[in-house]
Amino acid sequence: MARRESKTAKRERISVILDRLSRSYPDAKVGLDFETPLQLLIATILSAQCTDARVNMVTPGLFEKYPTVHDYAHAPIEELEDAVRTTGFYKNKARNIQLCCRQLIERHNGDVPETMQDLTQLAGVGRKTANCVLTNCFGAQGITVDTHVTRISNLLGLVNDEDAVRIEFALMELIPQERWNEFNHSIIAHGRATCIARRPKCDQCPISDLCPSASLS
Ligand code: SF4
């Protein structure tokens, strides 16, 4: 189906996919718990190679212990490493969080900036993290390419790529901007509930007739 599909046909198929997924997951939202832009920035840095559920187990204690950028910036690094240890890659993550918070103080008066350019110049912050913060805290539209978006966009034949930045730009071209967040949240909810990695429930999938990878046997 997808191999010879024109861009126009693909756009039409995505539109129907989105309508159905939005009906199936009307309350879909970001899986990380947070109350402030700083908390989401930290949680998203921690979510690299880690599940949201695991990050959500760590962040309540972390946010209580380090309520401001200054607390992260001045914490003994071993203490910060200990606090994020169970999210994996903890040395890198602790170092990035500390450096990122020092940069927030030096460059942005301690605030989380509201542009892609400023965010992606912070330690440990790529387009995925920046998009997550911009869309969930500052009302922007964006596509956060995580493991679910990568996998399902390929399964649906919307892209044929594993590179997150190329996938993001390809999807932005196919999906109207006002539906980027909707796409993001719906696809991630779908990846958690139905199109589960290595065991997709194609027989229960609301978009199986629109998916070239459907296995209904
Ligand atoms: S049909 Fe199967 S592979 Fe395709 S989106 Fe649905 S669950 Fe995923």
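In the block above lies the structure referred to throughout.
Procedures and definitions
- Residues numbered from 1 in each chain as written.
- Predicted model: local features only at pLDDT ≥ 70, side-chain atom pairs only at ≥ 80, totals over all residues.
- Helix = DSSP H or I, 4+ residues; strand = E, 2+ residues; numbered from the N terminus.
- Contact = placed C-beta atoms within 7 Å.
- Near = placed C-beta within 6 Å.
- Nonpolar A, V, L, I, M, F, W, Y, C, P; charged D, E, K, R; others polar.
- Expected span 1.5 Å × (residues − 1).
- Bend = angle between axes of the 7 residues up to and from the residue.
- Buried ≥ 20, exposed ≤ 12 C-beta atoms within 10 Å, placed from the backbone.
- Core = buried A, V, L, I, M, F, W, Y, C linked by C-beta atoms within 7 Å.
- Axes fitted to C-alpha atoms, helices over the stretch in contact; angles between N-to-C directions.
- Parallel < 35°, antiparallel > 145°, perpendicular 65-115°, else oblique.
- Left-handed = near helix turned anticlockwise from the far one by under 90°.

Enquirer: So what's going on with the overall build of the protein? Residues and values would help.
Expert: Helix and strand content of the protein: 11 helices and zero strands. Counting from the amino terminus, helix and strand elements in the protein follow one another as α-α-α-α-α-α-α-α-α-α-α. Judged by the C-alpha coordinates and their principal axes, the protein covers about 55 × 30 × 30 Å. Sequence-distant contacts, at least 24 apart, represent 57% of the contacts inside the protein between residues at least 6 apart.

Enquirer: Quick rundown of the site of the ligand? Include the residues and the values.
Expert: The immediate surroundings of the ligand are formed by 14 residues, with Cys195, Cys202, Cys205, Cys211 and Ala214 found nearest. Partitioned by chemical class, the residues of the shell around the ligand number 10 nonpolar, three polar and one charged.

Enquirer: How would you summarise helix α3 (residues 52-65) if you had to cite specific residues and measurements?
Expert: Taking 1.5 Å per residue as the helical rise, α3 with its 14 residues ought to reach 20 Å, and the 20 Å between its terminal C-alpha atoms agrees with that figure. Where α3 bends most, at Thr59, the angle is about 35°, and the proline Pro60 comes one to four residues later. Taken together, the buried positions of α3 are Val55, Thr59 and Leu62. Looking at the buried side of α3, the elements it contacts are α2 (37-46) and α5 (77-84).

Enquirer: Just give me the short version of the nonpolar core, but keep the residues and values in it.
Expert: Grouped together as the largest cluster of nonpolar side chains are 29 residues, with contacts concentrated most on Leu41, Ile42, Ile97, Cys100 and Val133. If you tally residues by element for this core, the top one is α2, at seven residues. With 24 residues, the next largest nonpolar core counts Ile17, Val149, Leu171 and Cys211 among its residues.

Enquirer: Describe the environment of Cys137, and please don't skip the residues or the numbers.
Expert: Among the secondary structure elements, Cys137 is positioned in helix α8 (residues 127-137). Separated by 83 residues in the primary sequence, Cys137 and Arg54 place their C-alpha atoms 21 Å from one another. Setting aside chain neighbours within four positions, we find Cys137 in contact with Pro37 and Leu40.

Enquirer: Summarise unusual backbone geometry; cite the residues concerned and give the values.
Expert: Even without being a glycine, Gln49 presents a positive backbone phi close to 55°. A tally of 11 C-beta atoms within 10 Å means that Gln49 is categorised as exposed. Here Arg198, not a glycine, exhibits a phi torsion of approximately 70°, which is positive. Note on placement: Arg198 falls in the segment after α11 (180-193).

Enquirer: Which residues make up the packing of α2 against α8, and what values do they have?
Expert: Two packed helices can be described by the angle between their axes and the distance between those axes. As a packed pair, α2 and α8 sit with axes 9 Å apart at the nearest point and diverge in direction by 150°. One way to sum up the angle between α2 and α8 is to call them roughly antiparallel. Between α2 and α8 lies a crossing whose hand is right-handed. For the pair α2 and α8, the contacting residues are Pro37, Leu40, Leu41, Thr44 and Ile45 in the first and Thr129, Cys132, Val133, Asn136 and Cys137 in the second. Tallied by class, residues from the contact of α2 with α8 come to seven nonpolar, three polar and no charged.

Enquirer: Just give me the short version of the environment of Arg192, but keep the residues and values in it.
Expert: Turning to its location among the elements, Arg192 is positioned in helix α11. Spatially, the C-alpha atom of Arg192 lies 16 Å from that of Arg20, the residues being 172 residues apart in sequence.

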